[in-house]
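Summary of structural features
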Protein chains: 2
Amino acid sequence: MDTRERLIESTRTLLWERGYVGTSPKTIQQLAGAGQGSMYHHFSGKEELARAAIDRTAEELRAAAEAQLSGPGTGRERIAAYLRRERDVLRGCPVGRLTQDPDVMAAPALRAPVEETFSWLRTRLAEVVAEDDGGLDPAATAAAIVATLQGGYVLARAADRTEPFEQAIEGILALLKTR
Amino acid sequence: MDTRERLIESTRTLLWERGYVGTSPKTIQQLAGAGQGSMYHHFSGKEELARAAIDRTAEELRAAAEAQLSGPGTGRERIAAYLRRERDVLRGCPVGRLTQDPDVMAAPALRAPVEETFSWLRTRLAEVVAEDDGGLDPAATAAAIVATLQGGYVLARAADRTEPFEQAIEGILALLKTR
DNA sequence: GTCTATAACTCGATAGAC
DNA sequence: GTCTATCGAGTTATAGAC
């Protein structure tokens, strides 16, 4: 892995753990094993590097979701597979956590990939919900599903246990059942 | 409002907007119209001040929830009243956002009120869910309800619109209906 | 491409005058 | 109780040597 790559990967890790406000160029350089000059050679600054990191994380999230949602089974089964997929629950969602970061939301370049990720996810889930007609509003149901996932991370982090996350997922799946 | 009070209120505002990591004593002092010495006279430092602010915010959240949950109507009606209550959606949840703050979660004194708030909320909602027997697991359903709320804020902030929040709320309420 | 040096500033806190 | 001065460390970036 070359220096540029190590800088992006280190930034991804730190953005996930500490957010944009809590991550300094110095920490990124230390984790990447790169010097100050090296970072500023490859990127114009913290923001451009964060953009590269967020873009990659958003792309991965989308690919992971699509893998479950385009798999085999009925719409409901694929949603269950998506929700029950193995996740790093206590670390939270690497994209969702950025919505709480004021400096990310204030910078159009950083905000855009976050906005697009959730917009895509809600739309994609609504399509899957619409496949099985249960008399549900696809957009509202899709929003509730994504929200349960994002909120589940909040509950798990608050409790420092994965149990509330799992309860939330099983709770919404029970509600979706037989509909 | 005396200086001590203004410091706490300013801290509450800033913790909500920018989180703990993103809030400096200097900013707090400026918003409160207080000097450096004043802050350090009333509080030992940033952490103690944050604890006072978080305690108050947590107490308010709990009182606001209890007002809806102990109101009139069936369990389901009170849950709907709670979820549909007017909220500052784009600002997000002042307690939930703290779960994303690494320095809050690392400090036991700051973490405790956050943990207790969500623990209480899940328990209280489970009691209300259990009132109307619909064959649902109260703990799982309660977790799903709180998660939808918390995740709804994430979706609204990502979109910079309140609509996805409202869709998530109506989505879960539709799923809860007739159960 | 990567390094070190330095700049100008902010961070969280302490000291001591008033 | 509140003020200003100061501290040592960290922040984000630029400059220029190698």
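Residues numbered from 1 in each chain as written. Chains lettered and ligands numbered in written order. Predicted model: local features only at pLDDT ≥ 70, side-chain atom pairs only at ≥ 80, totals over all residues. Heavy atoms only, no water.

**With respect to the overall build of chain A**
The helix and strand tally for chain A stands at nine helices and zero strands. Reading the helices (α) and strands (β) of chain A from amino to carboxyl end gives α-α-α-α-α-α-α-α-α. If one aligns the C-alpha atoms of chain A with their principal axes, the spans along those axes are about 60 × 30 × 30 Å. Out of the 179 residues in chain A, the part that is buried amounts to 52%. Relative to all contacts within chain A whose residues are 6 or more apart in sequence, the contacts with residues 24 or more apart total 65%. Carbon and sulfur atoms form 49% of the exposed surface of chain A, whose accessible area is close to 7500 Å². Once the 23 positive and 26 negative side-chain charges of chain A are each reduced to a mean point, those two points are 3 Å apart. (Helix = DSSP H or I, 4+ residues; strand = E, 2+ residues; numbered from the N terminus. Buried < 20%, exposed > 50% of the residue type's maximum accessible area, 1.4 Å probe, protein only. Contact = heavy atoms within 4.5 Å. Areas by Shrake-Rupley, 256 points an atom, 1.4 Å probe, with all protein chains shown as cover. Lys, Arg positive; Asp, Glu negative; His and termini not counted. Charge placed at Lys NZ, Arg CZ, Asp CG, Glu CD.)

**Quick look at helix α8 (residues 138-159) of chain A**
All names here are of chain A. For α8, with 22 residues, the first-to-last C-alpha span of 31 Å sits near the 32 Å given by 1.5 Å per residue. Of all 22 residues that make up α8, 20 are buried, and the element is covered over most of its length. With its phi angle positive at about 60 degrees, aspartate 160 sits one or two positions after the end of α8. (Expected span 1.5 Å × (residues − 1).)

**What to know about the protein's contact with DNA strand C**
Inspection of the region around DNA strand C gives 16 residues, with His42 of chain A together with Ser24, Pro25, Gln36 and Lys46 of chain B positioned closest. For DNA strand C, the fraction of atoms within 4 Å of the protein that belong to sugar or phosphate moieties is 55%. For DNA strand C, a phosphate oxygen lies 3.0 Å from a polar atom in the side chain of serine 38 of chain A. Sorting elements by how many residues they give to the surface near DNA strand C places helix α3 (residues 36-42) of chain A first, with five residues. Residue composition of the surface near DNA strand C, by class: three nonpolar, 11 polar and two charged. (Near = heavy atom within 4 Å. Polar contact = N/O pair within 3.5 Å; in protein donor to acceptor, adjacent residues only side chain to side chain. Nonpolar A, V, L, I, M, F, W, Y, C, P; charged D, E, K, R; others polar.)

**A short note on the packing of aromatic side chains**
Residue and element names in this part refer to chain A. Within the structure shown, the criterion is met by two aromatic pairs over all chains. Here tyrosine 153 and phenylalanine 165 contribute two aromatic rings whose centre-to-centre distance is 5.1 Å and whose plane-to-plane angle is 35 degrees, an arrangement assigned as tilted. Pair noted here: tyrosine 153 is in helix α8 and phenylalanine 165 is in helix α9 (residues 163-176), with a separation of 12 residues, a long-range link. Here tyrosine 153 falls in the buried class, since its relative accessible area comes to 6%. What makes phenylalanine 165 buried here is its relative accessible area of 4%. Residue placement shows lysine 46 over the ring face of tyrosine 20; its charged tip is 4.4 Å from the ring centre. (Phe/Tyr/Trp six-rings, centres within 6.5 Å; stacked < 30°, edge-to-face > 60°. Lys NZ or Arg CZ within 6 Å of the ring centre and 35° of its normal.)

**Examining the relation of the copies chain A and chain B**
It takes a turn of 180 degrees to lay chain A on chain B, together with a shift of 0.0 Å along the axis; the resulting RMSD is 0.0 Å. Viewed as a symmetry operation, the transformation between the two copies matches a two-fold axis. Here 100% of the contact residues of chain A are again contact residues in chain B; the copies associate through an equivalent surface. (Least-squares fit on C-alpha atoms with pLDDT ≥ 70 in both.)

**Some words on the UniProt feature "DNA-binding region" (unreviewed entry) in chain A**
UniProt marks residues 24-43 of chain A with the feature "DNA-binding region" (unreviewed entry), using the numbering shown here. Summarising residues 24-43 of chain A: 75% helix, 0% strand, and an end-to-end C-alpha distance of 14 Å. (UniProt positions renumbered as here; feature names shortened; annotations may be inferred.)

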